[in-house]
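Topology and contacts: notes
Take a look at the letters that make up each chain.
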Amino acid sequence: MTSLAGKRIVLGVSGGIAAYKAVEICRRLMDEGAHVIPVLTKGATRFVGRTTFDALASERVQMSLFDEDDPIPHTTLGQTADCVLVAPATARVIGAYAAGISSDLLTATLIATRAPVVVCPAMHTEMWEHPAVADNIATLVERGVHIVGPESGRLAGGDEGAGRLSSPADIVAAVSRVLDVGEKRSDMAGLSVVVTAGGTREPIDPVRYIGNHSSGKQGYAFAEEAAGRGASVTVVTTVDRPGPLGATVASGVTVVRVDTAEEMAAATADAAKEADVVIMAAAVADFRPVDPAGVKLKKRDGVPAIELEPTPDILASLGASKPEGQILIGFAAETCDVADNAAAKLNGKGADYIVANDVTAENAGFAHDTNEVLVLASDGRVHSVGLRSKRQVAQAVLDLVVADRDGRANVR
Ligand code: CTP
C-alpha cells in the first residue's frame, strides 16, 4: 500500500516517553510511500536518538532554527509540507502552538505552515485534564487542527488513565484521512442510518435532573464511521459532541439535540421510519420524576420525595414496529452476567443485534475512548470485539451489518 505516495510529511516529535512510538509512525509513513522529514525537539532526543530517525526517514533529522545550509528552515519546512504531524505532542508544544509562540524549529514550523496539521497529544492524565491544556486543545480544534487521541490506558510510571498516544496505525490512518488519500470504503453509500448517543436527562426541577455517565463517544463513533463509509446519518443526541476534546462532527451527519427520554423517543421514531439501520447507543434513563417541579426545590423544605415512573423503552418500541429490511442494533450496559443479560435484551426488545459491554471493565464503557464488546446476533452468532478504540468497535459492528445486508440481498 502506498496511499501517501509523494506526500511530504513533517513528523514533529516532542519530548515525552511516547516519543519511542514515533519511530513506528515514521516507519509506517515510509511504508505508505510518504516523504518523511523528522523534526525533533531537544526534549525528544532525551527519549529517542536522532540516529534512529536518520536511518528510517527520507531526510535527516532537523532540530535547529538556524541551519547552516538553509537560513530559514522553518518556513521551508512549513511551506513545502503536505501535512505536519506532531506525535507525540506534549503539553508544552500544544501550548506554544495555541499561543503562537515559536521557540524551536517544531513550533516555528507549525506556525509557518498552511498545510493541514495533525496533533497527537500524549501526557499524564493530570496534565491532559488541566484546564489550560483543555483550552489550548479547544483553540486548536476551532482553528481546524486535527486532534487524534489521546487514548486511555497504561501510562509511564504504571499509572492508568487518559493521555496515552493513539496507536501508530490509527495515527497514520488519520493522516491519510486528513490528506483525503488511501482506501475509501463506500459500502454504506445510499444507506440511511440513525444513531442515538449520550445519556438522557430527566428533570427533577429546573436545575436538577436524573442522568447517567454516558458520554456519547460510542454513538458518535458509529455516526462518524457510517458517514465515512458513505451513509447519510442522523444522530439523535443529548450531547453536542463528546466533550470539548472530541472529534468535530463529520460532514454527512445531521445532529438532532434532545434532552429527555420522551424527546429522544419522538425524534428517533420519526427519523427511524425511513432508516435502513438504527443504532440505539444512547443510555436512556429508565425512570423519570412523575411531576418535575416548576421552580427550584429548596433545601429548607426538606428532602423531597420524588415519585418516579418508567420512561418509554425506545428500543423495544422500535423493535415492535420495525419496517422490513431495517437492521436494529441495541446496546446492553451491564455490570455482571453480560452475555445472559444481553441475550435477554436481544430477545425481549426485537433487535437484530445487541452490542454488550461490561461498563465496569477497565478502559471500556462510559466516557472511555476505548471499548470491549460482545456482539450478539438474533440468529445466535456471537462476536467478541477485544479492547480497541470506539471507532474501531463501530467499524467491527458495521462490518457485520454490511455483511448481513449483502447476505439478505443474495438470498432474495
Ligand atoms: N433503551 C431504550 N429505552 C429505554 C432504556 C433503554 O431504548 N428506556 C435501550 C438502550 O438504548 C440500549 C438498550 O435499550 O440500546 C439496553 O439498555 P440498557 O440500559 O442496557 O438496559 P435496560 O433496557 O434499561 O435494562 P436494565 O437497566 O434493567 O439493564
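Residue indices follow the written sequence of each chain, beginning from 1 at its first position. A pLDDT threshold of at least 70 governs which residues receive local features in this predicted model, and a stricter bar of 80 or more applies before side-chain atom pairs are shown or counted, although totals over entire chains, interfaces and linings include all residues. Side-chain figures throughout are based on the complete set of non-hydrogen atoms in the structure, without hydrogens or water.

**Examining the pairing of strand β1 (residues 8–13)**
Relative accessible area decides the class of each residue, using a 1.4 Å probe on protein chains only: under 20% of the type maximum gives buried, over 50% gives exposed, and in between gives partly exposed. A run of H or I in DSSP counts as a helix once it spans at least four residues, and a run of E counts as a strand once it spans at least two, with each numbered from the N terminus. In terms of residue burial, β1 counts as a mostly covered element, since five of its six residues are buried. Of the strand pairs in this sheet, β1 and strand β2 (residues 35–40) are connected by six bridges, and their pairing is parallel. Within β2, the residue paired with isoleucine 9 across the bridge is valine 36. When the strands point away from the viewer and the path from the first strand over the helix to the second turns clockwise, the crossover is right-handed. With respect to chirality, the unit in which β1 leads through helix α1 (residues 19–31) into the neighbouring parallel β2 is right-handed. Only strands that DSSP links by at least two bridges are regarded as paired with each other.

**Considerations on the sheet that holds strand β11 (residues 232–237)**
Strand order in the open sheet formed by eight strands is β12-β11-β8-β13-β16-β17-β18-β19, and the pairing between neighbours is mixed. Every interior strand has two partners, whereas the edge strands, β12 (253–257) and β19 (382–389), have only one. Strand-to-strand twist across the sheet, computed as the mean angle between neighbouring axes with direction ignored, equals 20°. Note on definitions: angles span 0 to 180 degrees between N-to-C directions of axes, and those axes are lines fitted to C-alpha atoms, for helices only across the stretch in contact.

**As for the state of the cysteines**
When the sulfur atoms of two cysteines come within 2.5 Å, that pair is taken as a disulfide. Under the definition given, this model contains zero disulfides. Just so you know, cysteine 120 is unpaired, no disulfide at all, and the nearest cysteine sulfur is the one on cysteine 83, 9.1 Å from it. A residue is classified by how much of its surface remains accessible, and cysteine 120, at 0% relative accessible area, is buried.

**Here's the deal with the site of the ligand**
Summary of the distance rule: residues count as near a molecule or strand when at least one heavy atom falls within 4 Å of that molecule or strand. What surrounds the ligand is a group of 16 residues, the closest being Ala282, Leu315, Phe331, Lys345 and Lys349. Residues adjacent in sequence count toward polar contacts only when both atoms are side-chain atoms; beyond that, a polar contact is any pair of N or O atoms within 3.5 Å, and within protein one must be able to donate a hydrogen and the other to accept it. Within the contact set of the ligand, an oxygen atom lies 2.7 Å away from a backbone nitrogen or oxygen of leucine 315. Between an oxygen atom of the ligand and a main-chain N or O atom of phenylalanine 331, the distance comes to 2.8 Å. Look at the ligand: alone it shows 560 Å² of surface, and the protein chains cover 77% of it. Looking at the shell around the ligand, the elements that each hand over two or more residues are α12 (314–320), β16 (327–334) and α13 (338–349). No other element matches the four residues that β16 contributes to the shell around the ligand. Class assignment of the residues belonging to the shell around the ligand gives a composition of ten nonpolar, two polar and four charged. The accessible surface values rely on the Shrake-Rupley method and a 1.4 Å probe; as for residues, cover is taken only from the protein chains in view. Only Asp, Glu, Lys and Arg are considered charged, only Ala, Val, Leu, Ile, Met, Phe, Trp, Tyr, Cys and Pro nonpolar, and every remaining residue, Gly among them, polar.

**A closer look at the domain arrangement of the protein chain**
How big an interface is tends to be expressed through the accessible area that disappears when the partners come together. As assigned here, the protein chain comprises domain 1 (8–183) and domain 2 (192–411). Throughout, a contact is declared for two residues whenever any of their heavy atoms are within 4.5 Å. Counting residues at the interface gives ten residues for domain 1, matched by ten residues for domain 2. For the pair domain 1 and domain 2, the summed buried area comes to about 880 Å², and 51% of that belongs to carbon and sulfur atoms. Computed with a 1.4 Å rolling probe, the buried area is the accessible surface lost when two parts are put together, summed over both parts. Interface area lost by domain 1 to domain 2 is led by Val141, Ser152 and Asp170, which between them contribute 40%. Of all the secondary structure elements, the ones that give two or more residues to the side of domain 1 that touches domain 2 are α8 (131–142) and β6 (151–154). For the side of domain 1 that touches domain 2, the class distribution of residues is five nonpolar, two polar and three charged. Each domain's extent was defined by an automatic or database domain assignment.

**As for the pattern of salt bridges**
Think of a salt bridge as a Lys or Arg side-chain nitrogen and an Asp or Glu carboxyl oxygen that are within 4 Å of each other. In the structure shown here, the tally under the stated rule is 21 salt bridges. Ionic pairing is found between arginine 257 and aspartate 259, a salt bridge with its closest N-O pair at 3.8 Å. With relative accessibility at 32%, the residue aspartate 259 sits in the partly exposed group. When the shortest N-O distance is used, the salt bridge between lysine 322 and aspartate 352 registers 3.0 Å. Residue lysine 322 is found in the loop between α12 and β16, and its partner aspartate 352 is found in the loop between α13 and β17 (353–358); the two are separated by 30 residues along the sequence. Relative accessible area serves as the criterion here: at 26%, lysine 322 is assigned to the partly exposed category. Via salt bridges that share partners, Asp187, Glu225, Arg229, Arg391 and Asp399 belong to a single interconnected network.

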